[in-house]
4 protein chains.
Amino acid sequence: MPALPDTQSERDTRHVPIRHAGVSALRYPLVIHRADGTSFATIADATMTVSVGATERGTHMSRFVEALHAVHDQMSEDQVLALARTLRTKLKADAASVDLQMTWFVLKTAPITGGQAFMDYKVSWSAIAEGRTTAFRTTVILGVATLCPCSRAIAERGAHNQRGMVTLTVAAKKPVAAESLIQLIEDSASCALYPLLKRPDEKFVTEKAYDSPVFVEDLVRNIAVRLRQHRGLTGFRIEAENLESIHQHNAVAIVTHNL
Amino acid sequence: MPALPDTQSERDTRHVPIRHAGVSALRYPLVIHRADGTSFATIADATMTVSVGATERGTHMSRFVEALHAVHDQMSEDQVLALARTLRTKLKADAASVDLQMTWFVLKTAPITGGQAFMDYKVSWSAIAEGRTTAFRTTVILGVATLCPCSRAIAERGAHNQRGMVTLTVAAKKPVAAESLIQLIEDSASCALYPLLKRPDEKFVTEKAYDSPVFVEDLVRNIAVRLRQHRGLTGFRIEAENLESIHQHNAVAIVTHNL
Amino acid sequence: MPALPDTQSERDTRHVPIRHAGVSALRYPLVIHRADGTSFATIADATMTVSVGATERGTHMSRFVEALHAVHDQMSEDQVLALARTLRTKLKADAASVDLQMTWFVLKTAPITGGQAFMDYKVSWSAIAEGRTTAFRTTVILGVATLCPCSRAIAERGAHNQRGMVTLTVAAKKPVAAESLIQLIEDSASCALYPLLKRPDEKFVTEKAYDSPVFVEDLVRNIAVRLRQHRGLTGFRIEAENLESIHQHNAVAIVTHNL
Amino acid sequence: MPALPDTQSERDTRHVPIRHAGVSALRYPLVIHRADGTSFATIADATMTVSVGATERGTHMSRFVEALHAVHDQMSEDQVLALARTLRTKLKADAASVDLQMTWFVLKTAPITGGQAFMDYKVSWSAIAEGRTTAFRTTVILGVATLCPCSRAIAERGAHNQRGMVTLTVAAKKPVAAESLIQLIEDSASCALYPLLKRPDEKFVTEKAYDSPVFVEDLVRNIAVRLRQHRGLTGFRIEAENLESIHQHNAVAIVTHNL
């Protein structure tokens, strides 16, 4: 069989460098290995790209899938950084980026009865390899309970509360464990969510939320105050969105620091 | 130019009748004309299909778009039924169905201060023309507030509450106005949602919800009790889903009657 | 501490039986055990409900999570049926239903070069326990390639093709393996999708699709013809939706048989 | 009635300035007035925020809805800028931002038969008022057809093609009409999508796409080349994502210039 033409490797004359070219919406099974030696299986929604120089026509998309497959069962923060470097080299690019959004489970314990079940979070690892440098960001997305301080102050009984969604991205010299970010956010809300609550637990979380009202603005500030005490962070972005129980629309607040 | 081949009109030998063949996810601008002479513009997500007999290969997809375009600015419940009959005839089918899911706005008044703004709902009209008969269903989807009776009973202060989503479908001999179904559902919840609330309004809705606790099971039952008193209904399906403020998952309840 | 009130166990006087009451959108980690002794980890989006009699106020939502947690690492078709029976008994209900929608990975081999990588599918297991009887359904959702026969017939060069999504539900006396349904659907399309294709593979799939054109109507019929030869099925529903490459809207076809 | 407490106006001691606080996911009916005097109705998904100084506790969420309602039937690019300035003043903030994502319809004509119908696009207007300055961005999101140059070069017949989604954001001193950006993008693809195509049209678009193959990298570059000739732009970001007809995952490319 004669060699097939390699269209992607043609020379390009439009003089437009491309920041990112690659694959997205690639769902892949992963095994995550933690620093403490434990591991667990999860599923990622992956985006992987490289830069394409002004005179190259395109990149070779199949190599992204090959490179992820080669390491999918030995994944860690370090491995994601290594994968970005591998892609940069393999595809002869100036820069490569890997973004894995994963479902993350934490075994949570009911606050009074002690019953245990898994609660799901979203955790993203984003790595960029550019020239000799690398950068890494961790994002966590989770639900929390928020109880409105204004509603509590003005109503003679009750106070509206709701599920709120928090998205926190941190940049750090050394990757930060997702679990510590999750804990920090849950401590900043009116109350954490739980997968399994019996009546004594439900009494506890209802009263705890009533005793800890936060506006969406308070929530992002409480998180910011805790993050300031976190050494090694070089930047963060905090977004909270309340699925208001009195409106069809949401309330939102965003704090950014060097990001 | 010689005539192009008409592949869709070929004879089929697989002996498989097709219940529905047509277009989906077609977004289209509509003008809705109400019985009282008023009208308003909205946008539909349309699905339109016909049945395909066991010996016909396929249908002609462009005719669905033509038929909707011809009546898009004069839409009403009657028009949707007429459109289904038109498609059945035009495409020489035994049956035709039209489903329009529309965003629907109601100008809502804040309960104490009287401020006004629009709140959005989803309303679907579904029409089927089969042989000489037609059938029609109206669906409304909306958010309401629900406050947990158990939480209120066991907690010394406060009670968890949240946004709940209700989906109600009714079949009736004569189309039922979406607004009357919306009102009936909002009356069945702990409190309605509002687009615009000042502090006196927020005090009112907080206390009203606290005074009207409903489980997700209570909500579907309250709606069922009201629907029973609605003459002319031949069937209904009620689904409520609470975006729990104490869990990451939802609570759900469904009641069906002849549907 | 005095006993907390049990609001859910109160007597109800509205005389409305509830078909389904329970939890939805519950994401949970599972380990699936296949009949051949192999196993793999995945994540489910779970809905679990019971019926609530006309005189009972509500169900106890935490028990669904407990029951799933107890068996989450030993899941199989039989286990889902057992879980439905357990819920029916534990919650003293007439009927219980369990629906698990899971991401399902298959290691696929490129048709010419033999490269391997995982491709994702959606597989649902639905079990109902009602009185002494049980029912089980398997649903698979997957993407395939479809090439338009009309476009091929009328154009002098090329033919439009696109990604199509197929949703197949089957009811059977004995659960049917998801992989066999997936294979059957991929064989019915213009070509299967692959996670990893090199140029010789891309040449193969391009030509194979061109040589095997299917309308969305052909696709559902090809699947129906193959399902008829599948012993033990008591019913099926086939839906195909083409993400048309010439339209912003989709083309859809549905065939049903006893479902 | 005694005055209700105004919790939002309390003094804050956490020293965390908030970049954005406001409402999101607010669906609202709009009437758009074009420069040429024509107008049309549509629906927006609105996000509106203000900055909150380090010593203020929160903002007053109801005022966003009031301000949008006051101008919802007289909307234009200038009006969005005015709305951002109004919010900044009304809420005594340093900065205010308004983002409206709207469904946008264009009456498209079939290339050969001349049949007409509406096709839907997404258009966003984003305005920021900060101090005395304002900034404005227009985003368009649309589907196009892309045919793979590699597939065409290596296959003896046919070539895989698919729907691709393009997201283009431009910053300009003077707002750029959405329709001109849409046209520019459609001219950069293998072929535009159409809502209504008869067989002679389908022949035309099939052959046109075959004669104009573009990688996802070519697509963003073709758009970049055309944007360079567009005077008055101060920056742009182009993202294209192909819903590959040979993969379950997508191919993506991004070019940015001062944005």
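Residues numbered from 1 in each chain as written. Chains lettered and ligands numbered in written order. Predicted model: local features only at pLDDT ≥ 70, side-chain atom pairs only at ≥ 80, totals over all residues. Heavy atoms only, no water.

Asks: Please clarify how the overall build of chain A should be interpreted in this entry.
Replies: For chain A, the helix and strand inventory stands at 6 helices and 9 strands. Expressed along its principal axes, the backbone C-alpha trace of chain A runs to roughly 80 × 40 × 35 Å. Here chain A, with 259 residues, has 60% of them falling under the buried criterion. When contacts within chain A are restricted to residue pairs at least 6 apart in sequence, long-range pairs at least 24 apart make up 64% of them. In chain A, the 29 positive side-chain charges and the 27 negative ones have mean positions that sit 4 Å from each other. (Helix = DSSP H or I, 4+ residues; strand = E, 2+ residues; numbered from the N terminus. Buried < 20%, exposed > 50% of the residue type's maximum accessible area, 1.4 Å probe, protein only. Contact = heavy atoms within 4.5 Å. Lys, Arg positive; Asp, Glu negative; His and termini not counted. Charge placed at Lys NZ, Arg CZ, Asp CG, Glu CD.)

Asks: Which parts of the structure should I look at to understand helix 2 (residues 77–90) of chain B?
Replies: An α-helical turn contains 3.6 residues, so a residue and the one three or four places further along point in the same direction. All names here are of chain B. Given a rise of 1.5 Å per residue, 14 residues ought to cover 20 Å, and the 20 Å separating the end C-alpha atoms of helix 2 matches this to within 8%. Looking only at helix 2, the buried set comprises Glu77, Gln79, Val80, Leu81, Leu83, Ala84 and Leu87. Of the residues one or two after helix 2, Lys92 is the one with positive phi, at around 50°. (Expected span 1.5 Å × (residues − 1).)

Asks: I'm lost on the interface of chain D and chain C in this one. Help?
Replies: Accessible area lost upon the coming together of the parts is a frequently used measure of interface size. With 39 residues of chain D in contact, the opposing surface of chain C contributes 39 residues. Of the roughly 3400 Å² buried where chain D meets chain C, counting both sides, 51% is carbon and sulfur surface. It is Arg157, Arg163 and Gln248 of chain D in chain D that bury the most area against chain C; as a group they hold 22% of the surface buried on that side. Summed over the shared surface of chain D and chain C, the number is 4 salt bridges. (Buried area = accessible area lost by both parts, 1.4 Å probe. Salt bridge = Lys/Arg side-chain N within 4 Å of Asp/Glu carboxyl O.)

Asks: Please clarify how the relation of the copies chain D and chain C should be interpreted in this entry.
Replies: Each of the two chain copies can be brought onto the other by rotation about an axis and movement along it. For the pair chain D and chain C, the best superposition has an RMSD of 0.0 Å and corresponds to a rotation of 180° with a translation of 0.0 Å parallel to the axis. Here the symmetry operator amounts to a two-fold rotation axis. (Least-squares fit on C-alpha atoms with pLDDT ≥ 70 in both.)

Asks: Explanation requested: the packing of helix 4 (residues 178–188) of chain C against helix 6 (residues 216–228) of chain C in the structure shown.
Replies: Relative placement of two packed helices is described by the angle separating their axes and the distance separating the axes. Residues and elements named next belong to chain C. Helix 6 packs onto helix 4 with a crossing angle of 135° between their chain directions and a minimal axis gap of 8 Å. Of the possible angle classes, the one that applies to helix 4 and helix 6 is oblique. Viewed along their axes, helix 4 and helix 6 form a crossing whose handedness is right-handed. Here Leu181, Leu184, Ile185, Asp187 and Ser188 of helix 4 lie close against helix 6, whose contacting residues are Leu219, Asn222, Ile223, Arg226 and Leu227. Here the contact of helix 4 with helix 6 is built from residues that sort into 6 nonpolar, 2 polar and 2 charged. (Axes fitted to C-alpha atoms, helices over the stretch in contact; angles between N-to-C directions. Parallel < 35°, antiparallel > 145°, perpendicular 65-115°, else oblique. Left-handed = near helix turned anticlockwise from the far one by under 90°. Nonpolar A, V, L, I, M, F, W, Y, C, P; charged D, E, K, R; others polar.)

Asks: Any chance you could explain the interface of chain C and chain B here in plain terms?
Replies: Counting residues at the interface gives 53 residues for chain C and 53 residues for chain B. Considering only the side of chain C, the residues that lose the most area to chain B are Arg14, Glu217 and Arg221 of chain C, jointly responsible for 17% of the buried surface there. The interface formed by chain C and chain B includes 6 salt bridges. Arg57 of chain B is paired through a salt bridge with Asp218 of chain C; the nearest N and O atoms lie 2.7 Å apart. Inspection of the chain C/chain B interface yields 30 residue pairs in polar contact (both at pLDDT 80 or more). Residue assignment for the side of chain C that touches chain B shows that the elements contributing at least two residues are strand 1 (18–33), strand 2 (39–52), helix 3 (149–154), helix 6 and strand 9 (250–257) of chain C. (Polar contact = N/O pair within 3.5 Å; in protein donor to acceptor, adjacent residues only side chain to side chain.)

Asks: Help me understand the pairing of strand 8 (residues 233–242) of chain C in this model?
Replies: If a strand is regular, its side chains alternate between the two faces of the sheet. In terms of strand pairing, strand 6 (residues 161–172) of chain C meets strand 8 of chain C through 9 bridges, oriented antiparallel. Considered in strand 8 of chain C, the bridge of Gly164 of chain C is made with Asn242 of chain C. (Pairing = 2+ DSSP bridges.)

Asks: Please explain the layout of surface pockets as it appears in this structure.
Replies: Using a probe with the size of a water molecule, rolled over the atoms, empty space left in the structure can be pinpointed. Put simply, the largest pocket is a space of about 760 Å³. As for the largest pocket, its lining consists of 21 residues, and the residues nearest its centre are Arg237 and Ile254 of chain B together with His20, Asp99 and Arg137 of chain C. When residues of the lining of the largest pocket are traced back to their parent elements, those giving at least two are strand 8 (233–242) and strand 9 (250–257) of chain B together with strand 2, strand 3 (95–109), strand 4 (116–130) and strand 5 (133–147) of chain C. Looking at the lining of the largest pocket, the element that brings in the most residues is strand 5 of chain C, giving 4 residues. When grouped by side-chain class, the residues that make up the lining of the largest pocket number 8 nonpolar, 8 polar and 5 charged. Taken as a whole, the second largest pocket spans an internal volume of roughly 630 Å³. Every residue lining the second largest pocket is counted, 27 residues in all, and those nearest its centre are Asp99, Ser126, Ala127, Ile128 and Arg137 of chain B. Its residues assigned to classes, the lining of the second largest pocket shows 12 nonpolar, 10 polar and 5 charged. (1 Å grid on protein atoms, 1.4 Å probe; cavity = no way out; pocket = protein on both sides within 12 Å on 5 of 7 lines; lining within 4 Å. Points joined across faces, edges and corners; volume = space filled by probe spheres on them.)

Asks: I tried to follow the side chain of Thr49 of chain D on my own but got confused; where do I start?
Replies: Within the fold, Thr49 of chain D resides in strand 2 (residues 39–52). A polar atom in the side chain of Thr49 of chain D sits 2.7 Å from the side chain of His20 of chain D. Reaching out from Thr49 of chain D, the side chain makes a polar contact with the side chain of Ser97 of chain D at a distance of 2.8 Å. Apart from the residues lying within four places of it in its own chain, the contact partners of Thr49 of chain D are Val252 of chain A together with His20, Ala21, Gly22, Phe64, Ala95, Ala96 and Ser97 of chain D.

Asks: Sorry if this is basic, but what is going on with the pattern of salt bridges here?
Replies: The full count for this structure, using the stated rule, is 64 salt bridges over all chains. Between Lys203 of chain A and Glu156 of chain B there is a salt bridge; the shortest N-O distance is 3.2 Å. Residue Lys203 of chain A is located in helix 5 (residues 199–211), and its partner Glu156 of chain B is located in the loop between helix 3 (149–154) and strand 6 (161–172); the two belong to separate chains. For the salt bridge of Lys108 of chain C with Glu186 of chain C, the shortest nitrogen-to-oxygen distance reads 2.9 Å. Here the residue Lys108 of chain C occupies a position in strand 3, and Glu186 of chain C occupies one in helix 4, the gap between them amounting to 78 residues. Judged by its relative accessible area of 9%, Lys108 of chain C is buried.

Asks: Mind showing me how you'd approach the confidence of the model for chain A here?
Replies: Atom-level detail of predicted coordinates should not be read off regions where pLDDT is low. Of the residues in chain A, 99% reach a pLDDT of 70 or more, and the chain-wide mean stands at 96. Here the complex is predicted with pTM 0.96, and the ipTM for its interfaces comes to 0.95. (pLDDT = per-residue confidence, 0-100.)

Asks: Looking at this structure, how should I read the pairing of strand 4 of chain C?
Replies: All names here are of chain C. The buried fraction of strand 4 is high, at 11 of 15 residues. Inspection of the sheet shows strand 3 paired to strand 4 by 15 bridges, in the antiparallel sense. Each bridged residue has a counterpart across the sheet, and for Leu100 the counterpart in strand 4 is Trp125. Here strand 3 folds back onto strand 4 in antiparallel fashion, the turn holding 6 residues, of which Gly114 has a positive phi close to 80°. Where strand 4 meets strand 5, 9 bridges bridge the pair, whose relative direction is antiparallel. Note that in strand 5 the partner of Trp125 across the bridge is Thr138. Where strand 4 folds back on strand 5, the antiparallel hairpin that results is connected by 2 residues, among which Gly131 adopts a positive phi of roughly 55°.

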